Amino acid sequence: MIVTSAYAQSTTTEGAETHDAAAGEVHTETGVAHEGGHGSGVFPPFDSSTFASQLLWLAISFGLFYLLMSKVVMPRIGSILETRQDTIARDLDDASRSKAEADAAIAAYEQELAAAKAKGNAIASEAREAAKAKATADRTAVEVSLNNKISAAEARIADIKTKALADVGAIAEETATAVVEQLIGGKVSKAEIASAVKASAK
Amino acid sequence: MAGDKVDPIHQFVVNKIVPIEIGGIDFSFTNASLFMVATLVVATAFLYLTTSTRSLVPGRMQSVSELSYDFIAKLLREGAGSHGMKFFPMVFSLFMFILTANMLGMVPYFYTITSQIIVTAALALFVIGTVLVYGFYKHGLGFLNVFVPSGVPVILLLIVVPIEIISFLSRPVSLSVRLFANMLAGHITLKVFAGFVASLGTLGALGIGGAVLPLIMTVALTGLEFLVAFLQAYVFAVLTCMYLNDAVHPGGH
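The following refers to the structure shown. (Residues numbered from 1 in each chain as written. Chains lettered and ligands numbered in written order. Predicted model: local features only at pLDDT ≥ 70, side-chain atom pairs only at ≥ 80, totals over all residues.)

## Quick word on the overall build of chain B
Quick reminder of the rule: In DSSP terms, a helix is any run of H or I states spanning at least four residues, a strand is any run of E spanning at least two, and both are numbered starting from the N terminus. Residues with at least 20 neighbouring C-beta atoms inside 10 Å of their own are called buried, those with 12 or fewer are called exposed, and the rest are partly exposed, where every C-beta is derived from the backbone. Note on contacts: residues are paired as contacts if their backbone-placed C-beta atoms lie within 7 Å.
When helices and strands are tallied, chain B shows six helices and four strands. Written out in order from the N terminus, the α and β elements of chain B read β-β-β-β-α-α-α-α-α-α. Across its three principal directions, the C-alpha atoms of chain B cover 70 × 55 × 45 Å. Considering chain B as a whole, with its 253 residues, one finds that 36% of them fall into the buried category. A sequence separation of at least 24 residues applies to 65% of the contacts in chain B between residues at least 6 apart.

What follows is the structure, encoded as structure tokens:
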């Protein structure tokens, strides 16, 4: 039966009657408190003499706790989480924007490559066309000059031929005159011989 | 205090540290008051100090604070919907306060304030009071729909409504007694088994051998009690969310 003096005081001020009644009631219920050696004999959680003080101090401590949570701690944790979420969202945004930029750069690069290829092909085919045209022109020029030379040569041949043929007539007349003189010893007129040659030449 | 006998009830005795009396009512600062204040200080200090760096990438301790915040936020959003989020500070405070009080109670020689029925009853009445005040303030008499489940035939309502009323009235009782009884019974059991170790240990060699069994039991029970300490805080928070859901959406069940 050892109790703090303060506790003993409080039970006496409470009034002996109610206290005894409570003690007796709990003794029968628990049977432990009696042997437990407590001054009041009441099962401590059911000792109503402590209720007022417990309620007051619970109200003070929990009230203060609630105030600190709602005004200080929770806004702080909330802002930490919000900041983190914002940062993550911003980073994701940046990443997707960078990716879009990279994609655009790749597309531009490919477009330029295609353009360059097309330009290269155009230049090559143009050069090929030009070379072909030049070759054709050269060939026709050469052909024209060759044809000219051929026709000039042909004209000269024809000229020489007619001249030669004309010479052949004169030679034939002379020869015929000489032959006739030798054969018949007489003179034959030039006109007769010329007509005879002409007739034989036909 | 109780001589050589181990008294499992002694741990719940409220002792005055600073006697205070106002108007004939005893408001003394007791060991229970001391641990209420200790709960306030420990929980606040933990949450305040671990988040003081406001790191973008949280450390371990900051993670614990953030996880408990997220945990209760998710619990409340699932339990009472987004309209219930205005009660977030209340549920978070209740959960952290009870959890810290329960955990502090696990430290040897520390007082377990949640093993006092008056404390758990006050917390439970605070919850139910909030439900009632907010429910009637927000919905007026429409709050009474909470006793009338939708989609029930009129004849059945004669049976269902009284049941709903009884279940509503039993809420503060079950809410407070569950926490109180769990903490009380757990601590008594621990003390009893630990007492066996001491009692058997004095009986010589055979007793020491026999004391091993309750020792193992005590170790196992201590682990279990840590689980119960968390679980009861969690259950209190879950039920608070459920009851607040009634205040936010009466007749929505």
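## Points about the overall build of chain A
A tally of regular secondary structure across chain A gives five helices and zero strands. Counting from the amino terminus, chain A carries its helices and strands in the arrangement α-α-α-α-α. Within chain A, the fraction of its 202 residues that count as buried is 14%. A separation of at least 24 residues holds for 33% of the contacts in chain A among residues at least 6 apart in sequence.

## A closer look at the interface of chain A and chain B
On the side of chain B, 44 residues touch chain A, which itself brings 43 residues to the contact. Elements represented by at least two residues in the side of chain A that touches chain B include exactly helix 1 (5-14), helix 3 (33-36) and helix 4 (51-184) of chain A. Ranked by the residues each element gives to the side of chain A that touches chain B, the list is headed by helix 4 of chain A, at 26 residues.

## Let's talk about the nonpolar core
All names here are of chain B. For clarity, the threshold we go by: Core membership is restricted to buried Ala, Val, Leu, Ile, Met, Phe, Trp, Tyr and Cys residues, and these are joined into a nonpolar core through C-beta atoms within 7 Å.
One finds Val91, Phe95 and Ile98 to be the most contacted residues of the largest nonpolar core, which totals 60 residues. Tallying contributions element by element places helix 3 (residues 88-105) first for this core, with eleven residues. Residue contacts for Val91: discarding those within four places in its chain leaves Ile72, Leu76, Ala237, Thr240 and Cys241. One finds Leu190, Phe193, Ala194 and Val197 within the second-largest nonpolar core, a separate group that totals five residues.

## Thoughts on helix 4 of chain A
Quick note on the threshold: Given a helix with a known number of residues, its expected span is that number minus one, times 1.5 Å.
Across its 134 residues, helix 4 of chain A extends 191 Å between first and last C-alpha, which sits within 8% of the 200 Å expected from 1.5 Å per residue. Counting buried residues in helix 4 of chain A gives eleven out of 134 residues, a small share hidden from the surface. Those residues of helix 4 of chain A that sit buried are Ser53(A), Gln54(A), Trp57(A), Leu58(A), Ser61(A), Phe62(A), Phe65(A), Met69(A), Val73(A), Ile77(A) and Ile80(A). The elements touched by buried residues of helix 4 of chain A are strand 3 (25-26), strand 4 (29-30), helix 1 (31-50), helix 2 (60-80), helix 3 and helix 4 (117-139) of chain B. Note on helix 4 of chain A: the residue one or two positions beyond its end, Gly185(A), has a positive phi of about 70°.

## A look at the packing of helix 2 of chain B against helix 6 (residues 205-248) of chain B
Residue and element names in this part refer to chain B. The test is simple: Lines fitted to the C-alpha atoms define the axes, with helices restricted to the stretch that makes contact. Angles between their N-to-C directions range from 0 to 180 degrees. The cut-offs work like this: below 35 degrees is roughly parallel, past 145 is roughly antiparallel, 65 to 115 is roughly perpendicular, and the gaps in between are oblique. Crossings are assigned a handedness: left-handed for a near helix turned anticlockwise from the far helix by less than a right angle, right-handed for a clockwise turn. Asp, Glu, Lys and Arg are counted as charged, while Ala, Val, Leu, Ile, Met, Phe, Trp, Tyr, Cys and Pro are counted as nonpolar; the rest, among them Gly, fall into the polar class.
Axis separation between helix 2 and helix 6 bottoms out at 8 Å; the angle between their running directions is 40°. Judged on the interaxial angle alone, helix 6 and helix 2 are oblique. The crossing of helix 2 and helix 6 is right-handed. Contacts from Ile72, Leu75, Leu76, Gly79 and Ala80 of helix 2 reach helix 6 at Ala237, Val238, Cys241, Met242, Leu244, Asn245 and Val248. A class-by-class count of the residues in the contact of helix 2 with helix 6 yields ten nonpolar, two polar and no charged.

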